[in-house]
Amino acid sequence: MENLAAIRDSIYKGSSRDSVKYTKMELEKGTPWSEILLKSMLPALDQVGDEFSKGTAFLPELIAAVTP
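Below, the structure is looked at part by part.

Rules used throughout
- Residues numbered from 1 in each chain as written.
- Predicted model: local features only at pLDDT ≥ 70, side-chain atom pairs only at ≥ 80, totals over all residues.
- Heavy atoms only, no water.
- Helix = DSSP H or I, 4+ residues; strand = E, 2+ residues; numbered from the N terminus.
- Buried < 20%, exposed > 50% of the residue type's maximum accessible area, 1.4 Å probe, protein only.
- Lys, Arg positive; Asp, Glu negative; His and termini not counted.
- Salt bridge = Lys/Arg side-chain N within 4 Å of Asp/Glu carboxyl O.
- Contact = heavy atoms within 4.5 Å.
- Expected span 1.5 Å × (residues − 1).
- Arc of directions from axis to C-beta.
- Axes fitted to C-alpha atoms, helices over the stretch in contact; angles between N-to-C directions.
- Parallel < 35°, antiparallel > 145°, perpendicular 65-115°, else oblique.
- Left-handed = near helix turned anticlockwise from the far one by under 90°.
- Nonpolar A, V, L, I, M, F, W, Y, C, P; charged D, E, K, R; others polar.

**Details of the side chain of glutamate 51**
Move 1: Structurally, glutamate 51 can be placed in helix α3 (residues 33-54).
Move 2: Of the side chains bearing the opposite charge, lysine 54 lies closest to the buried glutamate 51, which forms no salt bridge; the N-O distance is 7.2 Å.
Move 3: When residues no more than four places from it in sequence are discounted, the contact partners of glutamate 51 are Tyr12, Thr56 and Ala57.

**With respect to helix α2 (residues 16-28)**
Move 1: An ideal rise of 1.5 Å per residue puts 18 Å on 13 residues; α2 measures up with 18 Å between its terminal C-alpha atoms.
Move 2: All of the buried residues along α2 are Ser19, Thr23 and Glu26. Each buried residue of α2 sits inside an arc of 65 degrees when the element is viewed along its axis, so together they form one side. α2 presents Arg17 and Glu28 as exposed residues on the side facing more than 90 degrees away from its buried surface.

**Quick word on the environment of glycine 14**
Move 1: Tracing the backbone shows glycine 14 in the loop between α1 (3-13) and α2.
Move 2: Separated by 18 residues in sequence, glycine 14 and proline 32 place their C-alpha atoms 23 Å apart.
Move 3: Here glycine 14 is in contact with Ala64 and Ala65, once residues within four sequence places are set aside.

**Describing the packing of α1 against α3**
Move 1: With their axes 9 Å apart at the nearest point, α1 and α3 run at an angle of 30 degrees to one another. When the axis of α1 is compared with that of α3, the two are roughly parallel. The hand of the α1/α3 crossing is right-handed. Contacts between α1 and α3 involve Leu4, Ile7, Arg8, Ile11 and Tyr12 from the former and Glu35, Ile36, Lys39, Ser40, Met41, Pro43, Ala44, Leu45, Gln47, Val48 and Glu51 from the latter.
Move 2: Looking at the contact of α1 with α3 residue by residue, the classes come out as ten nonpolar, two polar and four charged.

By themselves, these are just geometric observations and shouldn't be taken as functional.
This is how it looks when you write it as structure tokens:
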């Protein structure tokens, strides 16, 4: 799995250790932080927010996605 997808997946799953690890790896490759934010982080948070709005995700999942 490429790092951007891994970042998105780890944020969605609430795994802060993995999201930090893959973000650091992507930054070391020279990927601009704005690209990481737009392609990985925001889509993951949007997905969790959408699921929360629909009632398919609950507060613990929402908190896990946004907690470093």
